[in-house]
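Residue-level listing of the chains:
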Amino acid sequence: MSDLANRFATQFGPPGPAYLISAPGRVNLIGEHIDYAGLPVLPVAVQRQVRVLVRPRADRTVRVANCDPAFPPRTFAITNDIDPFPVGDWGNYIKAAVQHVEQRYGPIGGFDALVDSALPVAAGLSSSSALVIATGLTALAVSRRDAPALELAEGLALAEQYVGTRGGGMDQAISLGAREGAAAKIEFAPLHLTYVPVPHEWRFVVASSLVAAEKSGAVQEAYNNRRRDVESALALLVGDVVRWPGIESYRDVVSLPAVEIDAAISSIADETLRRRFRHVVREGARVLAAEQAMRRSDLEAFGELMCASHVSLRDDFEVSRAELNEMVDIAMEAGAAGARLTGAGFGGCIVALSDRGTAPDVVTALRKRYYASRSVPDDLDNLLFVTEPSGGASVSAL
Ligand code: GLA
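The rules behind these values
Residues numbered from 1 in each chain as written. Predicted model: local features only at pLDDT ≥ 70, side-chain atom pairs only at ≥ 80, totals over all residues. Heavy atoms only, no water. Helix = DSSP H or I, 4+ residues; strand = E, 2+ residues; numbered from the N terminus. Rg over C-alpha atoms; globule rule 2.2 N^0.38 Å. Buried < 20%, exposed > 50% of the residue type's maximum accessible area, 1.4 Å probe, protein only. Contact = heavy atoms within 4.5 Å. Areas by Shrake-Rupley, 256 points an atom, 1.4 Å probe, with all protein chains shown as cover. Lys, Arg positive; Asp, Glu negative; His and termini not counted. Charge placed at Lys NZ, Arg CZ, Asp CG, Glu CD. Arc of directions from axis to C-beta. Near = heavy atom within 4 Å. Polar contact = N/O pair within 3.5 Å; in protein donor to acceptor, adjacent residues only side chain to side chain. 1 Å grid on protein atoms, 1.4 Å probe; cavity = no way out; pocket = protein on both sides within 12 Å on 5 of 7 lines; lining within 4 Å. Sits in = over half its atoms within 2 Å of the grid points. Domains from an automatic or database assignment. Buried area = accessible area lost by both parts, 1.4 Å probe. Salt bridge = Lys/Arg side-chain N within 4 Å of Asp/Glu carboxyl O.

**Brief notes about the overall build of the protein chain**
In terms of helices and strands, the protein chain carries 12 helices and 12 strands. Computed over C-alpha atoms, the radius of gyration of the protein chain comes to 21 Å, within 12% of the 21 Å expected from 2.2 N^0.38 for 398 residues, which places it in the range of a compact globule. The principal-axis extent of the C-alpha atoms belonging to the protein chain is close to 65 × 55 × 35 Å. Residues classed as buried in the protein chain amount to 57% of the 398 residues present. For the protein chain, restricting intrachain contacts to residue pairs at least 6 apart in sequence, the fraction spanning at least 24 positions comes to 73%. Of the roughly 15800 Å² of accessible surface on the protein chain, 51% is carried by carbon and sulfur atoms. In the protein chain, which carries 39 positive and 48 negative side-chain charges, the distance between the mean positions of the two groups comes to 2 Å.

**Some remarks on helix 8 (residues 258-266)**
Those residues of helix 8 that sit buried are Ile261, Ala264 and Ile265. Considered in projection along helix 8, the buried side chains sweep an arc of 100 degrees and stay on one side of the axis. Facing away from the buried side of helix 8 by over 90 degrees, the exposed positions are Val259 and Ser266. Buried residues along helix 8 sit in contact with helix 6 (220-238), helix 7 (250-254) and helix 9 (271-295).

**A closer look at the site of the ligand**
By nearness alone, 13 residues border the ligand, and Glu32, His33, Asp35, Asp171 and Tyr223 come closest of all. Here an oxygen atom of the ligand and a side-chain polar atom of Asp171 are 2.6 Å apart. Take Tyr223: an N or O atom from its side chain is 2.6 Å from an oxygen atom of the ligand. Of the pockets mapped on this structure, the ligand occupies the largest cavity.

**Regarding the domain arrangement of the protein chain**
Split into domains, the protein chain comes out as domain 1 (2-31 + 39-197 + 391-397) and domain 2 (204-387). Relative to domain 2, the C-alpha centre of domain 1 lies at a distance of 25 Å. On the domain 2 side, the residues contacting the 42 residues of domain 1 number 42 residues. Ranking the residues of domain 1 by area buried against domain 2 places Ile30, Leu39 and Arg166 at the top, with a combined share of 21%. Across the domain 1-domain 2 interface, the total number found is two salt bridges. Note that Lys185 and Glu291 form a salt bridge whose closest N and O atoms lie 3.1 Å from each other. Where domain 1 meets domain 2, there are 20 residue pairs in polar contact (both at pLDDT 80 or more).

Below, the structure written as structure tokens:
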């Protein structure tokens, strides 16, 4: 902390910061690419966070600096309608959150903020949503405003679409709402979190493929295309009221009897849309089964569901890559109960489930068989680690 305080002083001069805000990243255990279809997901927060030191300003200017030199300082004025920086600029995550808080809870005051992140960027661990949550809390704190957590998470999820990616609401909800030692089953519209204790013996190994998947960059179009496919597939059923009366959402689809769900899948003539649709409805069912498996500490069943999720993401949803498939195989051969890509895909991380005894074997196998032959950054500890489900975002007055 004193290192960070020194950097704050160097960047902004006296007086010192008034708040420390932190927000964790997440690893999604199961339920991928279905939050934007309104179906439940099951992530945990990781013990790696974005931390922000903040000092209120007397005017309506925001100045932000980042300890990572890849992200240069940014300055802008708070208005009700803030023009974005160029696409891909990290400052847009700050603007997204500030504009939302201004519109919903404003008028708010300006601030100087220093951002320090222990979350690898573009690794599928939601460093960007953690930054959005931390910034939203910052804007509220400096303005001495308060907002109900779920309302804020829901609002900031929509607000993040400012950067151009039509993301769902999972990442913001878990970053704000996580509880130590538990996964959260997150339901949408309205947002609701149900906490599921993670059994003591379970270990989740998170491992980066080293392939960057930047949500506001290269992956944006592919991500938005998947979401459009998911919406187009549903629209076919919604438009056919004679065959599918009462179907308006994916929630309606997954509550049909099993034979009807199968019929709904087969009714989609376009092969790509049929596969996207099949992924969504089957993944939705896997999340509910996984929640039950976790509640009865059934490691094997949970692991099988994770593997089925990976296969579906690879074949039906087409968001995997050779590197992620290779890592899943390595983890399984080393004794994991299950493994899958996590996050949006196209790169980023896998998550593997094992018990306390075998987790070190999974880590060792990945080191030897995946990382040894690649050029790995110095901070491999932030790219390959065993997660402890951690708590959500916090604000401390200094
Ligand atoms: C990204 C989005 C989330 C979710 C995942 C895929 O992380 O931000 O809303 O859609 O991809 O499950």
